[in-house]
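Below, each chain spelled out in residue letters.
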Amino acid sequence: MQNNSEIYLYNKSIKKDYDYKMWFFFPGCEAFALSSLGYLWLFKTIDEREDIEIERVYSDSKTTNIMRNEISLIGISNSFDMDFLEIFKFLEKNNYEFRAKDRKDSDPMIFAGGPVITANPEPYKEIYDFMIIGDGEDVNTQVIEICKDNQDKPKQEILELLSKVEGVYVPSVNQSIVRKITKKLSQCIYTPILSEKSFFPNTFILEVERGCANRCGFCLASYINLPLRFVPYEKIIEAIDLGLTKTNKIALLGAQLTAHPKFEEICKYIGDKIDNGENIEMSVSSLRVDSFKPEIVNTLVKAGQKNLTLALEAGSERLRRVINKNLTEPQIYQAIDVAIECGLKGMKFYGILGLPTETDEDVQEIIELSKRIKKRHKQFDISFGFSTFVPKAHTPFQWCGRTSDKILEKRIQYLTKGLKKIGVKINVSSLKWDYIQAVLSRGDENLTEYLIESYKNGGKTGAFKKAAKLLKIDTDHYATENYDPMAELPWDKISMRPEKEFLIKEHAGLLSRE
């Protein structure tokens, strides 16, 4: 629902009496929805239209302005593996059947998009009427227009029309291949609605680039967003100037931010404004180690950033080579030196445990590296945040299974104890939830009942175990087995660059590195 405390940075259409109305559901609380750049931008593109009324709905929405019986279409943002729990709760609350085939002809069509859907839509093919594969800015508008213009036709006729649109997957129509949509970044995507209720209150987030050319072997965000694309410098400056008319908080977004050929100029533009007396708070998602340049870090410090994050991924250089993380120990030390020189008091490192070929020695090397850093800089605060490896579709490591929980538990205990001894804080994601994510990320159409049963049993980790036992599903097949690179995969229907043949070669090449 919208409220008066929100600041719109676009010409919001005044809705009166339209015959086509839709909900746009975000499977999380309002604060998270209002900080989701993709969700808000897609909402904006429809909200600007004069012929469609669209309403944001969140998992914590108590009521809606548009009544259920007025709804013609429902769009859903599906960005994370576990989103389906909130999505099922939303469907149940509004008396919609979970499976598309069980819903009435009079019910609205329900579609979804997002990274999870783009990577592997197969576990959800019975849930949604259709799905958007890839960048949704343009195709989102196109499918809504088709649905609206043909609203008097039977659902299946509309779905047949939608199946002809590139980037649209319609499970009820026999499509041999669905090509991912990749958008050219000719404009800057930015926060179109500012709100104090956002997780990042009144923060103007803008996308500087999309994708990452580093291509770490495990990284879904890199591979499904290739090729690396940059927003034109002039469009970024225009967006910054627009945002600063409404707030003093800005955040730059991108998986490989500092690869932008004009990133230093962008920082200088903001830094000059601060030097001229403007009160600006600026933050960035993370920096690459080779971009820890004094001029960049100084601007961030001037703009109020107190700590920076560095994706280390693995402790040993051997394992970093295997995952294609080209990061050496001297580069890490140099980044810390720059951070201290610019007045930062600490740094957080992100890492992944259980990566393919990881050994106990690789884990020990995290402790040894930390010791060497602490010895060099006794007063500099470092901490670690770890997740455990989850194989993702359309990456070179999609064929690699997870390390067993027993081995991971042992390594986590050892690492926690070793880092605690030298005063380094550590936080590790839940093994049980990471395992479930792995099941879903490499899942197929046979998991639909598993998802429904797990939700009905409360959606906790025990519910997934109970559902697997009841339905006789071998979850280890999805989570921990190594797959044959030549075998057919559930998500092969989705075509994107780089193609599978490239991933097979990259898979073999990375695992052979030492």
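Reference entry: report on the structure contained in this document. Bear in mind the structure is a predicted one, so any value in this text is a computation, not a measurement.

What counts and what doesn't
Residues numbered from 1 in each chain as written. Predicted model: local features only at pLDDT ≥ 70, side-chain atom pairs only at ≥ 80, totals over all residues. Heavy atoms only, no water. Pairing = 2+ DSSP bridges. Helix = DSSP H or I, 4+ residues; strand = E, 2+ residues; numbered from the N terminus. Contact = heavy atoms within 4.5 Å. Axes fitted to C-alpha atoms, helices over the stretch in contact; angles between N-to-C directions. Buried < 20%, exposed > 50% of the residue type's maximum accessible area, 1.4 Å probe, protein only. Patch = residues over 30% accessible without salt bridge, like charges linked within 9 Å, V, L, I, M, F, W, Y side chains within 5 Å. Areas by Shrake-Rupley, 256 points an atom, 1.4 Å probe, with all protein chains shown as cover. Salt bridge = Lys/Arg side-chain N within 4 Å of Asp/Glu carboxyl O. Phe/Tyr/Trp six-rings, centres within 6.5 Å; stacked < 30°, edge-to-face > 60°. Lys NZ or Arg CZ within 6 Å of the ring centre and 35° of its normal.

**A short note on the sheet that holds strand β3 (residues 53-58)**
Reasoning step 1: Across the sheet, which stays open at both edges, the six strands sit in the order β3-β2-β4-β5-β6-β7 with mixed pairing between neighbours. The sheet is open, and its two borders are formed by β3 and β7 (168-169), each paired with just one other strand.
Reasoning step 2: By the bridge criterion, four bridges tie strand β2 (residues 21-26) to strand β4 (residues 73-77) in an arrangement that is parallel. Bridge assignment links Phe25 to a residue of β4, and that residue is Ile76.
Reasoning step 3: Here helix α2 (residues 37-47) sits on the sheet and contacts β2, β3 and β4; the angle it forms with β3, its principal contact strand, is near 160 degrees.
Reasoning step 4: Set on the sheet, helix α5 (residues 137-149) makes contact with β2, β4, β5 (109-113), β6 (130-132) and β7; between it and β6 the angle comes to about 155 degrees.

**Examining helix α16 (residues 448-456)**
Reasoning step 1: With respect to burial, α16 is a largely interior element, seven of its nine residues being buried.
Reasoning step 2: When α16 is considered as a whole, its buried residues turn out to be Thr448, Tyr450, Leu451, Ile452, Glu453, Ser454 and Tyr455.
Reasoning step 3: Those residues of α16 that are buried lie in contact with α3 (83-93), α15 (431-441), α17 (461-471) and α18 (475-479).
Reasoning step 4: Two residues or fewer after α16 comes Gly458, characterised by a positive phi angle close to 110 degrees.

**Section: a nonpolar patch on the surface**
Reasoning step 1: Together, Phe32, Phe199 and Phe200 make up a nonpolar patch on the protein surface, roughly 310 Å² of accessible area in all.
Reasoning step 2: Inspection of the secondary structure assignment puts Phe200 in the loop between β9 (193-194) and β10 (203-207).
Reasoning step 3: Take Phe200: its relative accessible area is 41%, and that puts it in the partly exposed class.

**Looking at the packing of aromatic side chains**
Reasoning step 1: Counted under the stated rule, the structure contains 20 aromatic pairs.
Reasoning step 2: Their ring planes at 70 degrees and their centres at 5.2 Å tell us that Phe32 and Phe199 sit as a pair that is edge-to-face. Of the two residues, Phe32 is situated in helix α1 (residues 30-33) and Phe199 in the loop between β9 and β10; the sequence distance between them amounts to 167 residues.
Reasoning step 3: Taken together, the ring pairs in this structure connect Phe84, Phe88, Phe98, Trp433, Tyr450, Tyr455 and Phe464 into an aromatic cluster.
Reasoning step 4: Here the basic side chain of Lys44 rests over the ring of Tyr10, its NZ or CZ set 5.9 Å away from the ring centre.

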